[in-house]
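# Observations on chain architecture
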Protein chains: 2
Amino acid sequence: MTILALTGGVGGAKLSLGLVHILDPHEVTFVVNVGDDFEHLGLSISPDIDTLTYTLAGIVNQSTGWGREEESWDCLAELKRFEADTWFQLGDRDLALHLFRTGLIKSGKSLTEITEIICSRLGIDYKIVPATDASLRTHVLTDQGSLAFQDYFVRLQCKPKVTKLEYHQRIPASVSPAIKIDQISGVVICPSNPFLSIDPILEVDEIRSVLVERAFPVVAVAPIVGDRAIKGPTAKMMRELGMQVTCAGVARHYRDILDGYVIDNTDSHHASEIEALGMRVRTAPSIMHTLEDKIALAGACVDFLDELR
Amino acid sequence: MTILALTGGVGGAKLSLGLVHILDPHEVTFVVNVGDDFEHLGLSISPDIDTLTYTLAGIVNQSTGWGREEESWDCLAELKRFEADTWFQLGDRDLALHLFRTGLIKSGKSLTEITEIICSRLGIDYKIVPATDASLRTHVLTDQGSLAFQDYFVRLQCKPKVTKLEYHQRIPASVSPAIKIDQISGVVICPSNPFLSIDPILEVDEIRSVLVERAFPVVAVAPIVGDRAIKGPTAKMMRELGMQVTCAGVARHYRDILDGYVIDNTDSHHASEIEALGMRVRTAPSIMHTLEDKIALAGACVDFLDELR
C-alpha cells in the first residue's frame, strides 16, 4: 500500500522533499503533472518531473526551486546568437537530461520508463511517475487567445487574462502503469497550482474516478495563504476565473475529492466555511522556507491521513 | 561564375580558409560533404558543415581543428552521469548549433536553407552549401561488418579494417539548389579524405557528371604527403583497400575528373607518374600550419585553375 502525492513543480516539490524524509520509498509514489510537457528545439521537456527529480536528487537550484545547481549557460548564450527561441531557460547541465530523455523517447520508451531510468541514474530510490504516458497538454484560454502552457507561463509570464483551462488529449489518457490504483492507502495533493498542476493530473479518468469513489482518505495542502498564492499565478488565475481568492476557494474547487484540507495557521478563520463543504480542516505552518518546514508540513499531512482512515 | 571548392572537415576547412582570403564571396562556393551527417541524441548533426562554418566564422577550436573555441563540457559531463552515449564530443556551445539546426529541420527547412541561415547568423558572407539536401550517408564496410560513418570514425576510432565504402541514399540525391551547375568556372578538390569526404560529394549524380564532362578546369590538392595522410585515416584506408599509398594513388582514384593535381614539394618524384594519368602537376608546400600556409596553397590552386582554363 502506498500514499500517492499529486504534485506539480516548485511548490509541490518542496512538500515532496518533506515526504521523502518521513516515508520510505515503498510508502509513497509521486504522481506528477505532465500538462506542462512540451517540445522545444526538438527536445522533449517535462518541467514538473524535472523539478521534482532535481529536488529529490539534491541537485536542484535552491534559489529558483527549478533547474540545476551550479548551472552554466553557454549553450543558451549561443542560441541567442542564432536568434533561436531562448525564452525557455535551458542550462547546459539541464540540457543533458532533455537530450537523454528525447533519445529514449525516440527509441520507443514510455515517459514512465524513462523517468524510472533517470531516477535510477540520479540515485533516487523513490518512485516519480508521470500521471500518464499519453499526450495530455494544458492549454490556457485567455484574452489573447488559446495558449499552449509554456507560451502562457514562460514566454508571456502569465500576463494574459485567463478565461478557461483546457486539457488536450490525443487519445483518452490512461493512468501510468506504474500507479497501482488498488494499492493506494491515501492521497496528498501538494500545494501546487490547481489549474496548471493538479487538474491536469485529475484529467486522467482513472485517477479522478478513484479519488471520487475513494476507499482511502485524500488531503490537500492549500496553495493560497491569506489572499495570495505562495508562488506563481494561482491567485491571479482564481481572480480571473471569478473564484474567491482564499484557501477556501481552492477547497471548493476540490470539494468532490477531499476528506481533509491543510490550511495555514493564519487562515484558521476560514475553517468553518471549508468544513461546511464536507471536509475536515487542519491548520499548520504551510509556508516552507527550510527543510524542517517541509518535513513538518509533510508530517502534518501524513498524520492527517492516519486520522482520516 | 564561381569556383566550387569540394571539402570535408578539418583538412578541407584549412584550405577553404585560405580561399576566403584571396577570393570574394561571389567567386567561390564551398560544397560540403554530408555523408558524415547523423542523428545523435535526437540532434541532427552535420560535422563537416559545422567544422567549415566554425572555421570561416573564426570561432573554431584552433588546436583540434573542429568544435568551438572556449568550449565548455558541462552537458557532456551530465550525459555521462546518465550513462548516455558520450562517444561524440558535444560541447555546450556546439550544442546550440545542433539544437538550432534540429529545430529548423523539424520546421521543414532544407539543409541548404538552414546552412544559409546559420552562416548569416555567424556573419559568414561566403556560401557554404551541403552537396545535397537528400539523405546521403557513408557506410564503411569492414572486418567488423557494415558501420555507419560515425560508428567507424568516432566510436571505433577508424580501427576496423576497411573493405569497401558505400553511400546510402534514400532517394537519388539531387544537387543542392544553391549550386548553380552552369555557373561553375573551376573546381578545387580540397585535401580531404577521398573516401569519406570527397567521394560522397561525387555520389551526387549531377556533381559527378558535370565534373566528368566538364567545361572548366578541376584541380585537387593531394591529401597524402610522402606515404602518410596529413591527417586522419586516409593512408590506412588506402592500404586496406589495396591502393598505392602515395599522392599518385589518390590521383589515380580521381583520374576521370582532374585536370591538375597539386602535390607537396617533397613528392615531386611522383610527378611523371601522375602526368601519365592525363593531368598536369604543380608542386607547392601543402602542409598548412599557419594562415599564411593556407593562403599560399589556396593561391597556388587558383593560379593553377587560371593556367588550365
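What you see is a predicted model, and the numbers here were worked out from it, not measured in a lab. (Residues numbered from 1 in each chain as written. Chains lettered and ligands numbered in written order. Predicted model: local features only at pLDDT ≥ 70, side-chain atom pairs only at ≥ 80, totals over all residues. Heavy atoms only, no water.)

## Digging into the overall build of chain A
Definition in use: We count a stretch as a helix when DSSP gives it H or I for four or more residues in a row; a strand needs E for two or more, and each element gets its number in order from the N terminus. Here the globule rule reads 2.2 Å times residues to the power 0.38, and the radius of gyration is calculated from C-alpha atoms. Burial classification: accessible surface area is computed with a 1.4 Å probe over protein chains only, and a residue below 20% of its type maximum counts as buried, one above 50% as exposed, and the rest as partly exposed. Contact criterion: two residues are considered in contact whenever any of their non-hydrogen atoms come within 4.5 Å of each other. Here the Shrake-Rupley method, with its probe set to 1.4 Å, supplies the accessible areas, and only the displayed protein chains count as covering residues. Under this rule, positive means Lys or Arg and negative means Asp or Glu; His and the chain ends count for nothing. By convention, charge coordinates are those of NZ in Lys, CZ in Arg, CG in Asp, or CD in Glu.
Scanning chain A from terminus to terminus reveals 12 helices and 14 strands. Taking 19 Å as the expected radius of gyration for a compact globule of 309 residues, we find that chain A reaches 18 Å, a close match to that expectation. Summarising its shape, the C-alpha atoms of chain A cover approximately 55 × 45 × 40 Å along the three principal directions. Classification of the 309 residues of chain A by burial places 61% in the buried group. Considering only residue pairs separated by 6 or more positions, chain A has 68% of its internal contacts joining residues 24 or more positions apart. When the accessible surface of chain A is split by element, carbon and sulfur atoms take 49% of a total near 12,000 Å². Positive and negative side-chain charges of chain A, numbering 29 and 42 respectively, have mean locations separated by a distance of 3 Å.

## Some points on the interface of chain A and chain B
Applied cut-off: Throughout, buried area stands for the accessible area (probe radius 1.4 Å) lost by two parts on being put together, summed over both. Salt bridge, as used here, is a side-chain nitrogen of Lys or Arg placed within 4 Å of a carboxyl oxygen of Asp or Glu. Distance and chemistry together define a polar contact, namely a pair of N or O atoms within 3.5 Å, with one atom able to donate a hydrogen and the other to accept it when in protein, and with adjacent residues in sequence counting only for side-chain atoms on both sides.
Taken residue by residue, the interface counts 26 residues in chain A and 26 residues in chain B. Buried surface at the junction of chain A and chain B, summed over both partners, amounts to about 2,700 Å²; 64% is from carbon and sulfur atoms. Of all residues in chain A, Phe82(A), Leu99(A) and Arg121(A) bury the most surface against chain B, accounting for 27% of the area lost on that side. Taken together, the connections running from chain A to chain B amount to eight salt bridges. Residues Arg93(A) and Glu78(B) are paired through a salt bridge, measuring 2.9 Å at the closest nitrogen-oxygen approach. On the surface where chain A and chain B come into contact, there are 12 residue pairs in polar contact (both at pLDDT 80 or more). Every element with two or more residues in the side of chain A that touches chain B is listed here: α3 (74-81), α4 (92-106) and α5 (111-121) of chain A. At eight residues, the largest contribution of residues to the side of chain A that touches chain B is made by α4(A).

## Let's talk about the sheet that holds strand β13 (residues 260-264) of chain B
Residues and elements named next belong to chain B. Rules: Criterion used throughout: strands pair if DSSP finds at least two bridges between them. Each axis is a line fitted through C-alpha atoms, taken for helices only over the stretch in contact, and angles between the N-to-C directions span 0 to 180 degrees.
What the seven strands build is an open sheet, ordered β5-β2-β1-β9-β10-β13-β14; its pairing is parallel. Either end of the sheet is taken by a strand with one partner, and the two such strands are β5 (127-130) and β14 (280-284). Mean inter-strand twist for the sheet, computed between neighbouring axes without regard to direction, equals 25 degrees. Summarising the sheet, β13 and β14 pair through five bridges and their orientation is parallel. Among the inter-strand pairings, tyrosine 261 is bridged to a residue of β14, identified as valine 281.

## Concerning the sheet that holds strand β10 (residues 218-221) of chain A
Residue and element names in this part refer to chain A. Pairing in this open sheet of seven strands is parallel, and the strands run β5-β2-β1-β9-β10-β13-β14 from one edge to the other. Of all the strands in the sheet, just β5 (127-130) and β14 (280-284) have a single pairing partner and so form its edges. Taken pair by pair, the neighbouring strands of this sheet meet at an average axis angle of 25 degrees, ignoring direction. The sheet contact formed by strand β2 (residues 28-32) and β5 spans four bridges and is parallel. Of the residues in β5, the one forming a bridge with phenylalanine 30 is isoleucine 128. The sheet contacts of helix α7 (residues 194-202) involve β1 (2-7), β2 and β9 (184-189), and relative to β1 the element is tilted by about 130 degrees.

## Some points on the pattern of salt bridges
Counted by the stated rule, this structure contains 28 salt bridges over all chains. Lys236(B) is paired through a salt bridge with Glu240(B); the nearest N and O atoms lie 2.7 Å apart. With a gap of four residues between them, Lys236(B) and Glu240(B) both fall in helix α9 (residues 234-240), about one helical turn apart. Several salt bridges share partner residues, and in doing so they unite Arg68(A), Arg93(A), Asp74(B), Glu78(B) and Arg81(B) into one network.

## Some words on the environment of Asp306(A)
All names here are of chain A. Mapping aspartate 306 onto the fold places it in helix α12 (residues 291-308). A relative accessible area of 45% places aspartate 306 in the partly exposed class. Residues aspartate 306 and valine 250, spaced 56 residues apart in sequence, show a C-alpha to C-alpha distance of 23 Å.

## A look at the confidence of the model for chain A
Going by this rule: How sure the predictor is of each residue is captured by pLDDT, a score from 0 to 100.
Mean pLDDT for chain A: 96, with 100% of residues reaching 70 or above. As a predicted assembly, this complex carries a pTM of 0.91 together with an ipTM value of 0.90.

## Focus: the packing of helix α2 (residues 47-57) of chain B against helix α4 (residues 92-106) of chain B
Residues and elements named next belong to chain B. The test is simple: Each angle gets one of four labels, with under 35 degrees taken as roughly parallel, over 145 as roughly antiparallel, 65 to 115 as roughly perpendicular, and the rest as oblique. For a crossing to be left-handed, the near helix must be turned anticlockwise from the far one by less than a right angle; the clockwise case is right-handed.
Running from N to C, α2 and α4 point in directions that differ by 120 degrees, and their axes come no closer than 12 Å. It follows from the interaxial angle that α2 and α4 lie oblique. Read as a crossing pair, α2 and α4 show a hand that is right-handed. Contacts between α2 and α4 involve Ile49, Asp50 and Tyr54 from the first element and Asp94, Leu97, His98 and Arg101 from the second.

## Concerning the relation of the copies chain A and chain B
Two copies of the chain are present, and they differ by a rotation about an axis and a shift along that axis. This is how the line gets drawn: Superposition of the copies used a least-squares fit over C-alpha atoms from residues whose pLDDT is at least 70 in both.
Its rotation angle being 180 degrees, the transformation that places chain A on chain B also includes 0.0 Å of axial translation and leaves an RMSD of 0.0 Å. Each copy turns onto its partner about a two-fold axis. Closest approach to the rotation axis among the C-alpha atoms of chain A is made by Asp92(A), whose C-alpha sits 3.0 Å away. A share of 100% of interface residues in chain A that are also interface residues in chain B marks the association as one of identical surfaces.

## Re the packing of α4(A) against helix α3 (residues 74-81) of chain B
The criterion, for reference: When residues are sorted by character, Ala, Val, Leu, Ile, Met, Phe, Trp, Tyr, Cys and Pro go into the nonpolar class, Asp, Glu, Lys and Arg into the charged class, and all the rest, Gly among them, into the polar class.
It is the contact of α4(A) with α3(B), at a shortest axis distance of 7 Å, that shows an interaxial angle of 45 degrees. Between α4(A) and α3(B), the angle falls in the class oblique. Seen along the crossing, α4(A) lies across α3(B) with a hand that is right-handed. For the pair α4(A) and α3(B), contact is made by Asp92(A), Arg93(A), Leu95(A), Ala96(A), Leu99(A) and Phe100(A) and by Asp74(B), Cys75(B), Glu78(B) and Leu79(B), respectively. For the contact of α4(A) with α3(B), the class distribution of residues is six nonpolar, no polar and four charged.

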